[in-house]
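So you can see what is in the structure, the chains are spelled out below.
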Amino acid sequence: MEDRKIIEYDALVIGAGIAGGEAAINLANTGYKVLLVEKDHSLGGKMILLSKVFPTLDCAACITTPKVSEIARHKNITVFTESEVTHIAKKGDNDFVAQITKKPRYVRVEDCTACQLCEKACPVSVRDEYQFGLIGRKAAFIPFSIANPKAAVIDIENCTLCGACEKACPTHCIDFTMETEYYELHVKTVILATGFNLFDPLEIPRFGYGQYKNVITSMQMEREIAPTRPYNTILRPGDGKVPDRIAYVLCTGSRDNTVGNPICSQICCMYSMKQAQLLMGALPMADITIYYIDIRAFGKGFEEFYRQAEGMGVNFVKGKIGKITEKENGNLILRYEDIAEGVVKEAEHDMVVLSVGVKSNPSAGKIFDGNSLKLDPLQFVAQQDLLGSPAKTSIDGVFVAGTASGPMDIPDSILSAGSASSEAISYLTRYQSV
């Protein structure tokens, strides 16, 4: 068995998105020592990659980056990126033992100046997962411009070990001798903020995603709109043309038993309207059409936001998309049922955006001893007392925050993190010796 370093903290928070970060800050500000574990190269989760947030159209990065900075600098928070919690066993009240695997970055973060000379020197190009495949990146790369930590990473799976990055690095911070580290963590409480997965539209072949280049996902469009975007304007990937007619297909992978996700994802209607409004600002001459089953604008200010989109000229069509086909010029033909008229129609668009839904991230259920953490039928973390104490799970001392328990928007995720951290603090104080 590999050598494990034994470490102790008051609280373990798994996932450093907006919910996990908020929970960690709350615990740390109360005086508890927190270990924040994130599988990715950067803090911030999905929110840090967004353009703006609905319904206020505030800058997502402007909200996230100060929180991320506070987390990184907080004296009571230790951050493990590129790390995974592989197993947790509860030994007793206020007594959990977790096994953590920390993968090597092959860069000493404290010495890296983010000069990007390693990127320029690297001869290997692969698809950039942070830009959702719209452009490429190097095997030696900085994840994105506002990443934290702002330091290079070596993608060892695609690296050819040519040494070009080492030669170009002025601070000699690249270290290929780094190895995986293993930790045994003794902790008193656990917060699960493992987030959600986006629906993969390859599961609906009739929409043509992966086959037609101008059919993209909503997260790809989000990146095209964001300040840290891959292009300088809105382009369709097939030929680099600026689109004139853009269609949104709502409920892609939501409210659909055929793909195993019968529930509403809660955010798709609103983020599609947000993108439509931003697109009308970026491309004033473009026609934006949203094809929907039902518009679910249920939150504070949401209905007004919906009416605002209508007033700006967004075309809303109540219709279920049956099939998408491609013309020779890359344009797309949408065949759909017009619910209002009760007839099947076809419409041509330059670009189609699939508003993908929220699916669970069931990884949290696999790490607890004897699978003692209960999941709901859709593989979200089950909430034991949904109305009285929504953060409580089936294990006393383990709490859930954010979309790990189900679809929700950003304000609800932050509120959920507040609930989870409050419950964790209550649990910690309950068993503290007097």
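Predicted model only: the values in this text are computed from it and were never measured.

A. Seen up close, the nonpolar core. Counting 60 residues, the largest nonpolar core has Leu12, Leu27, Ile88 and Val190 as the members making the most contacts within it. Formed by 55 residues, the second largest nonpolar core is a distinct cluster that contains Ile246, Ala276, Tyr292 and Val317.

B. Broad picture of the packing of helix α5 (residues 218–225) against helix α6 (residues 268–282). The interhelical angle for the contact between α5 and α6, taken along N-to-C directions, is 35 degrees, at an axis separation of 11 Å. The two elements α5 and α6 cross, and the hand of that crossing is left-handed. Between α5 and α6, the residues in contact are Ser218, Met221, Glu222 and Ile225 and Tyr271, Lys274, Gln275, Leu278 and Leu279, respectively. Broken down by class, the residue content of the contact of α5 with α6 amounts to five nonpolar, two polar and two charged.

C. Geometry of the packing of aromatic side chains. Evaluated as defined, the whole model comprises nine aromatic pairs. Judged by centre distance (5.4 Å) and plane angle (75 degrees), the ring pair of Phe54 and Phe302 falls under edge-to-face. Here the residue Phe54 occupies a position in the loop between β4 (52–53) and β5 (58–59), and Phe302 occupies one in helix α7 (residues 302–312), the gap between them amounting to 248 residues. Summarising the burial analysis for this pair, Phe54 and Phe302 share the class buried. An aromatic cluster of three or more residues is present, and its members are Phe54, Phe298 and Phe302. Just above the ring of Phe196 sits the side chain of Lys46; from NZ or CZ to the centre is 4.3 Å. When the ring centre of Phe80 is taken as origin, the NZ or CZ atom of Lys102, which lies over that ring, is 5.5 Å away.

D. Spotlight on helix α2 (residues 60–73). Across its 14 residues, α2 extends 20 Å between first and last C-alpha, which sits within 8% of the 20 Å expected from 1.5 Å per residue. The complete set of buried residues in α2 reads Ala60, Ala61, Thr64, Val68 and Ile71. All buried residues of α2 project into a common sector of 95 degrees when viewed along the axis, lining one side. Those residues of α2 that are exposed and aimed more than 90 degrees away from the buried face are Cys62 and Arg73. Contacts made by the buried residues of α2 are with α1 (18–29), β3 (34–37), β4, β5 and β6 (77–80).

E. How the structure looks around the sheet that holds strand β21 (residues 343–349). The mixed open sheet is built from seven strands, whose spatial order is β16-β22-β17-β18-β19-β20-β21. Each having just a single partner strand, β16 (215–217) and β21 make up the two edges of the open sheet. The mean angle between the axes of side-by-side strands here comes to 40 degrees, regardless of whether they run parallel or antiparallel. In this sheet, strand β19 (residues 315–326) lies alongside strand β18 (residues 287–292) in parallel orientation, the contact comprising four bridges. Residue pairing for β19: Tyr291 is matched across the bridge by Val317. Packed on one face of the sheet, α5 meets β16, β17 (245–252) and β22 (351–356) and runs near 85 degrees to β16.

Thresholds, definitions, all that
- Residues numbered from 1 in each chain as written.
- Predicted model: local features only at pLDDT ≥ 70, side-chain atom pairs only at ≥ 80, totals over all residues.
- Heavy atoms only, no water.
- Core = buried A, V, L, I, M, F, W, Y, C linked by side-chain atoms within 4.5 Å.
- Buried < 20%, exposed > 50% of the residue type's maximum accessible area, 1.4 Å probe, protein only.
- Axes fitted to C-alpha atoms, helices over the stretch in contact; angles between N-to-C directions.
- Helix = DSSP H or I, 4+ residues; strand = E, 2+ residues; numbered from the N terminus.
- Left-handed = near helix turned anticlockwise from the far one by under 90°.
- Contact = heavy atoms within 4.5 Å.
- Nonpolar A, V, L, I, M, F, W, Y, C, P; charged D, E, K, R; others polar.
- Phe/Tyr/Trp six-rings, centres within 6.5 Å; stacked < 30°, edge-to-face > 60°.
- Lys NZ or Arg CZ within 6 Å of the ring centre and 35° of its normal.
- Expected span 1.5 Å × (residues − 1).
- Arc of directions from axis to C-beta.
- Pairing = 2+ DSSP bridges.

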